[in-house]
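# Coordinates in review
In case you want the letters, here they are:
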Amino acid sequence: MKNESEYLKLLTGNYSRLYSYVLCMVCNKDDAEDIMQETAIIMWEKFDSFTPGTSFIAWAKAIAHNKVYDLRKKQARNRCRLDDNVLELLISERDTYNDNSSQKIEALEQCIKKLQARDKRILKLKYFEGRQVKDIAAGINVPLHTMYRLIARLHDLLLGCVKRNMVKGDVQ
């Protein structure tokens, strides 16, 4: 018997990863959205065959993968199409990148916690509120060139911290 709430929980929890995977393969937002809709329907129809405790995202990617290849067959006459081998290589590289992206995000969050309050505020203004560097500099009364150097220093500091945490395995 299908468990609708479990299906929705798994789908919503993995939707962005699955969409990113599909978009990487088709390189067209409209096609990706169509494939996601078709994939979600098929996943619901076949949800009884999903084994709880196994990787939902792997199961979903396999279904999406088949839908992408169905689309690619329909578009076979398109001269701008990537070769299947190149596409498989890109998918493989993307999966390798995504496998540790959550660990990198966790490491970055740990590194940001170690920053001084002023540095955290600058990063928040720039990256979470989307403020321009000139506005941030004016807001805290710092020359523009100094603000650019400060942001570059913060980038270097965070990058080094993330790399160290990843190598040491300090990500919780």
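For the structure, see preceding data.
As the structure is a computational prediction, the values presented were derived from the model and not from experiment.

Thresholds, definitions, all that
- Residues numbered from 1 in each chain as written.
- Predicted model: local features only at pLDDT ≥ 70, side-chain atom pairs only at ≥ 80, totals over all residues.
- Heavy atoms only, no water.
- Salt bridge = Lys/Arg side-chain N within 4 Å of Asp/Glu carboxyl O.
- Helix = DSSP H or I, 4+ residues; strand = E, 2+ residues; numbered from the N terminus.
- Buried < 20%, exposed > 50% of the residue type's maximum accessible area, 1.4 Å probe, protein only.
- Phe/Tyr/Trp six-rings, centres within 6.5 Å; stacked < 30°, edge-to-face > 60°.
- Core = buried A, V, L, I, M, F, W, Y, C linked by side-chain atoms within 4.5 Å.
- Contact = heavy atoms within 4.5 Å.
- Disulfide = S-S within 2.5 Å.

### Section: the pattern of salt bridges
The tally for this structure, following the rule as stated, stands at three salt bridges. One salt bridge in this structure joins Arg153 and Asp119, with 3.6 Å as the shortest N-O distance. With Arg153 in helix H8 (residues 144–168) and Asp119 in helix H6 (residues 117–128), this residue pair connects regions lying 34 residues apart in the sequence. Note on Arg153: relative accessible area 40%, which makes it partly exposed. On the accessibility criterion, Asp119 (6% relative accessible area) is buried. Put simply, Glu38, Lys67 and Asp70 are held in one network by salt bridges that share partners.

### As for the packing of aromatic side chains
Following the criterion strictly, the structure yields nine aromatic pairs and no others. Ring centres of Phe47 and Trp59 lie 6.3 Å apart, and the angle between their planes is 65 degrees; on these two criteria the pair is classed as edge-to-face. In this pair, Phe47 is assigned in the loop between helix H2 (29–45) and helix H3 (56–74) and Trp59 in helix H3, connecting sequence segments 12 residues apart. Taken together, the ring pairs in this structure connect Tyr7, Trp44, Phe47, Phe50, Phe56 and Trp59 into an aromatic cluster.

### Side note on the nonpolar core
The nonpolar side chains of a soluble globular protein tend to be buried, and buried together. Core analysis: the biggest nonpolar cluster contains 25 residues, and Leu18, Val22, Val26, Met43, Phe47, Phe56 and Trp59 have the highest contact counts within it. When contributions to this core are tallied by element, the ones reaching two or more residues are helix H1 (4–26), H2 and H3. Tallying contributions element by element places H1 first for this core, with nine residues. Other than its neighbours up to four places away in sequence, Val22 contacts Ala32, Ile35, Met36, Ala64 and Val68. Counting 17 residues, the second largest nonpolar core, distinct from the first, contains Cys111, Leu115, Leu125 and Ile136.

### Description of unusual backbone geometry
Non-glycine residue Asn141 carries a positive phi angle of around 60 degrees. On the secondary structure map, Asn141 appears in the loop between helix H7 (133–139) and H8. In this structure Asn141 comes out as exposed when scored by relative accessible area, which is 72%.

### Description of the state of the cysteines
Under the criterion given, the structure shown has one disulfide. Each disulfide pairs two cysteine sulfurs, and for Cys111 the partner residue is Cys161, the sulfurs being separated by 2.0 Å. On the S-S bond that ties Cys111 to Cys161, the torsion sits near -90 degrees, and the link is left-handed. Here the residue Cys111 occupies a position in helix H5 (residues 101–113), and Cys161 occupies one in helix H8, the gap between them amounting to 50 residues. The exposure class assigned to Cys111 is buried, which follows from its relative accessible area of 3%.

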